[in-house]
Number of protein chains: 2
Amino acid sequence: MTYSLTPAIQDYLEVIHDLSKHDSKVRITDIARKLNVAKSSVTEAIELLHAKNLVQKERYGPITLTRNGEREAAKLKYKHLLISKFLRDVLNVTADTAEKDACLIEHVVSVETMLALIQLLESKNYLDNDIDIEEVKILLSTNSLSNLAPGTKGTIKRVEATGELRRRLMEMGVTSGDDIQVKRVAPMGDPIEITVKGYNLTLRKNEAAAILIEIN
Amino acid sequence: MTYSLTPAIQDYLEVIHDLSKHDSKVRITDIARKLNVAKSSVTEAIELLHAKNLVQKERYGPITLTRNGEREAAKLKYKHLLISKFLRDVLNVTADTAEKDACLIEHVVSVETMLALIQLLESKNYLDNDIDIEEVKILLSTNSLSNLAPGTKGTIKRVEATGELRRRLMEMGVTSGDDIQVKRVAPMGDPIEITVKGYNLTLRKNEAAAILIEIN
DNA sequence: CTAATAAGTTAGGTTAAACTAACAATATTA
DNA sequence: TAATATTGTTAGTTTAACCTAACTTATTAG
Ligand SMILES: [Mn+2]
Ligand SMILES: [Mn+2]
Ligand SMILES: [Mn+2]
Ligand SMILES: [Mn+2]
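As the structure is a computational prediction, the values presented were derived from the model and not from experiment.

Caption draft 1: Region of interest: the sheet that holds strand β7 (residues 199-203) of chain B. All names here are of chain B. Read across the sheet, 6 strands follow the order β3-β8-β4-β5-β6-β7 without closing on themselves; strand pairing throughout is antiparallel. Looking at the sheet topology across the chains shown, the edges are occupied by β3 (143-144) and β7. Note that β3 and strand β8 (residues 211-215) share 2 bridges and pair antiparallel. What sits directly across from N143, in β8, is I213.

Here you go:
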């Protein structure tokens, strides 16, 4: 398992996300057409996304994003949208160029720059009111604990769990604001060993998936 | 021959340019250290740059940029500089992040966006007076005729030749403002067949290198 | 002026992301 | 329901960009 997504793979995620807004079932062929690649290339990419737990799919079946895939796709969508908006509204670049540039820059720009860009757009009142920009900031600056590499240090920003799972995590002492370090990750990403408040914990993947970390 | 440079290859060019400012001889080892890659990777990249007529080098000898390599490197240098300046001065991003982001964005940003960015920096008086920004605009929006793909259409922006060569080109009817189309390019990029003012011309590589085209 | 050190090259691999061509499974439609 | 069309997979290649290990050529220091 690698812990970062290449630009090419990110574009697959983005397209799947887009397609699933409109059509109920996302199919290999649709993705191939949208990205202008061969079907076989899509099959391969989907296998990779599946291995990273970003999509769900069985043989010959349709593709759906996992919780994690949804999150990563949403990050990309917002980066794209915000960069494109900046290019159009601040730099006055043509819509077509803005789209193309945004879809390339989104893969290489840092979180720090994205947050600064949001600040600029906010200060000029260029942001639509229908997006919760505070939520977007958190989305962009956090990662699910379930896809962090061993050794990563960070701070718990939020525990996105309810009911039994939330209670269990609270009991273990997993709370917002705590410093955390990923100790070890088993081959398939399950279980994950972490350190919080000096204690060593072992989490299942679904537990880790609910914990949002701000890497530092 | 391919007609575009990948981000990786562009970074090699940029580093060679940088190193040749300070040291008189640019060596494989220096480039390897700067880019954090193995010497053998540099050897390979240099071969590629040589095939594209961007660097000059003989076995075990030092590396120098060709006229064309110099031009491409300068483009990159200015893109880097301007994007980095924007990130620091307009977005107030830290110097370190600005450097890193600039060195990634420079490879994917369009000319249109770069020109718009320059306009923004100009309007805010953020540009140093020691750079001739009008020259930079021309640099960024043109390509040497010697590295355009067959089929490319454009306009002659400038003929950077003096003496005999200039006279010869003028005689053939190659003048600024003319529309041009690249018809055929021989295997090693020499000679190049073009159409200007309805006439078919055949140019040697060194002649074509002096002609700057704005692609349209 | 040799011997050690440094620099550069070559050979052989690996990984990601494409591709084409051939085939298998599923859906559609007559 | 059988034939046809569409969709998805598999196998085998290709290209770019890296790598390590082994080797060759140049440089430098005694
Ligand atoms: Mn993209
Ligand atoms: Mn995009
Ligand atoms: Mn760069
Ligand atoms: Mn750079």
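Caption draft 2: Layout of the relation of the copies chain B and chain A. For the pair chain B and chain A, the best superposition has an RMSD of 0.0 Å and corresponds to a rotation of 180° with a translation of 0.0 Å parallel to the axis. What the superposition gives is, in effect, a two-fold axis relating one chain to the other. Looking at the rotation axis and the C-alpha trace of chain B, the residue lying nearest is B:I105, at 3.0 Å. Mapped onto chain A, 100% of the interface residues of chain B again fall at the interface, so both copies present the same surface.

Caption draft 3: View of the nonpolar core. With 51 residues, the main nonpolar core has A:I83, A:F86, A:L91, B:I83, B:F86 and B:L91 as its most contacted residues. Elements with a minimum of two residues in this core: α4 (67-90), α5 (95-105), α6 (111-123) and α7 (133-141) of chain A together with α4 (67-90), α5 (95-105), α6 (111-123) and α7 (133-141) of chain B. In this structure A:I83 touches A:A102, A:I105, A:E106, A:V109, A:M114 and A:L117, once residues within four positions along its chain are discounted. Membership of the second largest hydrophobic core comes to 21 residues, among which are B:I28, B:V55, B:L65 and B:L76.

Caption draft 4: Just the coordination of the manganese ion (ligand 2), in detail. All names here are of chain A. Every protein donor of the manganese ion (ligand 2) is accounted for by E14 (OE), E14 (OE), H80 (ND1), C103 (SG), E106 (OE) and E106 (OE), and the metal-donor separations fall at 2.1 to 2.6 Å. For the manganese ion (ligand 2), the 6 donor atoms in the first shell make angles of 54 to 152° at the metal, so the coordination geometry reads as irregular. Counting gaps between the donor residues of the manganese ion (ligand 2) yields the pattern E-x65-H-x22-C-x2-E. In this model, the manganese ion (ligand 2) sits 3.5 Å from the manganese ion (ligand 1), the two metals being bridged by C103.

Caption draft 5: Representation of the protein's contact with DNA strand D in the model. The environment of DNA strand D is formed by 20 residues, the closest being A:T29, A:K39, A:K57, B:T6 and B:S41. Of all atoms in DNA strand D that approach within 4 Å of the protein, 67% are sugar or phosphate atoms. Between a phosphate oxygen of DNA strand D and a side-chain N or O atom of A:K57, the distance comes to 2.6 Å. Interatomic distance of 3.3 Å between a side-chain N/O atom of B:Y60 and a sugar or linking oxygen of DNA strand D.

Caption draft 6: The arrangement of the coordination of the manganese ion (ligand 4) in detail. Residues and elements named next belong to chain B. Note on the manganese ion (ligand 4): its protein donors are E14 (OE), E14 (OE), H80 (ND1), C103 (SG), E106 (OE) and E106 (OE). The metal-donor distances range over 2.1 to 2.6 Å. Metal-centred angles of 54 to 151° between the 6 donor atoms at the manganese ion (ligand 4) mark the site as irregular. A spacing of 3.5 Å is found between the manganese ion (ligand 4) and the manganese ion (ligand 3), which share C103 as a donor. With H80 in helix α4 and C103 in helix α5, this pair connects stretches of sequence that are 23 residues apart. H80 sits in the buried class, given a relative accessible area of 12%.

Caption draft 7: Up close: the environment of A:I194. Residue and element names in this part refer to chain A. One can find I194 in strand β6 (residues 192-196). Taking the C-alpha atoms as reference points, I194 and T152, 42 residues apart in sequence, are found 9.7 Å from one another. If we ignore the near neighbours within four places in the chain, the residues touching I194 are L145, I180, Q181, V182, K183, Y199, N200, L201 and L203.

Caption draft 8: Structural context of the protein's contact with DNA strand C. With respect to spatial proximity, 20 residues lie near DNA strand C, and among them A:T6, A:S41, B:T29, B:K39 and B:K57 are the closest. Put simply, 69% of the atoms of DNA strand C that lie within 4 Å of the protein are in sugar or phosphate. B:T43 is positioned with one of its side-chain polar atoms (N or O) 3.2 Å from a phosphate oxygen of DNA strand C. Of all the secondary-structure elements, those providing two or more residues to the surface near DNA strand C are α1 (7-22) and α3 (39-51) of chain A together with α2 (28-35) and α3 (39-51) of chain B. Residue composition of the surface near DNA strand C, by class: 8 nonpolar, 7 polar and 5 charged.

Caption draft 9: Highlighting the sheet that holds strand β8 (residues 211-215) of chain A. All names here are of chain A. Pairing is antiparallel in the open sheet, where 6 strands are placed in the order β3-β8-β4-β5-β6-β7. The strands lining the two open edges of the sheet, one partner per strand, are β3 (143-144) and β7 (199-203). Where strand β5 (residues 179-185) and β6 come together, 5 bridges link them in antiparallel fashion. Along β6, the bridge assignment pairs V182 with I194.

Reading the values: rules and limits
- Residues numbered from 1 in each chain as written.
- Chains lettered and ligands numbered in written order.
- Predicted model: local features only at pLDDT ≥ 70, side-chain atom pairs only at ≥ 80, totals over all residues.
- Heavy atoms only, no water.
- Pairing = 2+ DSSP bridges.
- Helix = DSSP H or I, 4+ residues; strand = E, 2+ residues; numbered from the N terminus.
- Least-squares fit on C-alpha atoms with pLDDT ≥ 70 in both.
- Contact = heavy atoms within 4.5 Å.
- Core = buried A, V, L, I, M, F, W, Y, C linked by side-chain atoms within 4.5 Å.
- Buried < 20%, exposed > 50% of the residue type's maximum accessible area, 1.4 Å probe, protein only.
- Donors = N, O, S within 2.8 Å, 3.2 Å for Na, K, Ca; no water.
- Tetrahedral: all angles 85-135°; square planar, octahedral: opposite > 155°, others 65-115°.
- Near = heavy atom within 4 Å.
- Polar contact = N/O pair within 3.5 Å; in protein donor to acceptor, adjacent residues only side chain to side chain.
- Nonpolar A, V, L, I, M, F, W, Y, C, P; charged D, E, K, R; others polar.

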